[in-house]
Amino acid sequence: VTSGLTLELAGSPSGDKTVVRGAQDITVSRFIFSAADGGDISVTDLDVFVESDYDVETYVDTCSLYEGTTLVAGPESPDFDTISFNNFDWSDEGGADSTLAVISDFRDVEPEEVDVTFGIGIEGDNVDAEDDNGDIVPVGGDANFDPATTTVTLANEGGLVASVSGSTPDATFLLTGVA
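Scope of this entry: the structure provided in the associated data block. (Residues numbered from 1 in each chain as written. Predicted model: local features only at pLDDT ≥ 70, side-chain atom pairs only at ≥ 80, totals over all residues. Heavy atoms only, no water.)

## Comments concerning the side chain of threonine 82
Phase 1: The residue threonine 82 is located in strand β7 (residues 82-85) in this model.
Phase 2: Its relative accessible area of 15% is what places threonine 82 among the buried residues.
Phase 3: Among the polar contacts listed, one links the side chain of threonine 82 to the side chain of aspartate 81, at a separation of 3.1 Å.
Phase 4: Residues within four places of threonine 82 in sequence aside, it is in contact with Asp47, Val48, Phe49 and Ser77. (Helix = DSSP H or I, 4+ residues; strand = E, 2+ residues; numbered from the N terminus. Buried < 20%, exposed > 50% of the residue type's maximum accessible area, 1.4 Å probe, protein only. Polar contact = N/O pair within 3.5 Å; in protein donor to acceptor, adjacent residues only side chain to side chain. Contact = heavy atoms within 4.5 Å.)

Right under this line is the structure:
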């Protein structure tokens, strides 16, 4: 049985996502890694690409890779249109699918336009992976964003609604004996 790894864009998050400038810990994309039945595959390096008509470094502070709630790599800052994650050790079990999420922190910088849009993707050629024997394995597939289905829009402003729950306790205090 041959070892190998394929990747694809996960279905979630899907659609357009709008975040307000300065937002932190935002899941901007998820990628599914599928290891062949030949054994576990370790990923040690990968590059995430960001497509935008704007300077990514101006608006994106850092990105990190997570599997569930576990930090896999990062935080790393973008370099032009690439966010490189190097020298980490993450494994995908043979015959199984695993999902990595790209979690981003955005700078509190006023966008040049009303909205600044980004798309995020990974190409198989930019993923370094090896099998249990330390042999390099091919990584197939591209998980490039589709501007029609997965974009992140950085908005210049937003709103916040707050309300008090009906079950919120209230009390009146009477302070006595104070001179």
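## Here's the deal with unusual backbone geometry
Phase 1: Following glycine 74, the chain continues to proline 75 via a peptide bond in cis, the omega torsion being 5°.
Phase 2: Along the chain, proline 75 turns up in strand β6 (residues 70-76).
Phase 3: One non-glycine residue with positive phi stands out, namely phenylalanine 80, at about 60°.
Phase 4: By the element assignment, phenylalanine 80 lies in the loop between β6 and β7.
Phase 5: For asparagine 87, which is not glycine, the phi dihedral falls at a positive 60°.
Phase 6: Note on placement: asparagine 87 falls in the loop between β7 and β8 (90-92).

## Re the sheet that holds strand β12 (residues 139-140)
Note on sheets: strands pair through backbone hydrogen bonds, and any given pair is parallel or antiparallel.
Phase 1: Judged by pairing direction, the sheet is mixed, and its six strands sit side by side in the order β6-β5-β9-β3-β1-β12 without closing on themselves. Either end of the sheet is taken by a strand with one partner, and the two such strands are β6 and β12.
Phase 2: Across four bridges, strand β5 (residues 60-67) lies against β6 in antiparallel orientation. Paired with leucine 65 across the bridge in β6 is alanine 73. (Pairing = 2+ DSSP bridges.)

## Structural notes on the environment of threonine 27
Phase 1: Along the chain, the position of threonine 27 falls in strand β3 (residues 26-35).
Phase 2: Threonine 27 gets classed as buried once you look at its relative accessible area, which sits at 17%.
Phase 3: Residues threonine 27 and isoleucine 103, spaced 76 residues apart in sequence, show a C-alpha to C-alpha distance of 4.4 Å.

## As for the pattern of salt bridges
Phase 1: In this structure the tally under the stated criterion is two salt bridges.
Phase 2: Where arginine 21 meets aspartate 108, a salt bridge forms, and the shortest distance between an N and an O atom there is 3.1 Å. Taken as a pair, arginine 21 in the loop between β2 (15-20) and β3 and aspartate 108 in the loop between β9 (97-106) and β10 (115-123) lie far apart in primary sequence, 87 residues in all.
Phase 3: For the salt bridge of arginine 107 with aspartate 61, the shortest nitrogen-to-oxygen distance reads 3.4 Å. A residue pair is termed long-range when its members are at least 10 positions apart, and arginine 107 in the loop between β9 and β10 and aspartate 61 in strand β5 qualify at 46 residues. (Salt bridge = Lys/Arg side-chain N within 4 Å of Asp/Glu carboxyl O.)

The values are spatial; any link to function lies outside them.
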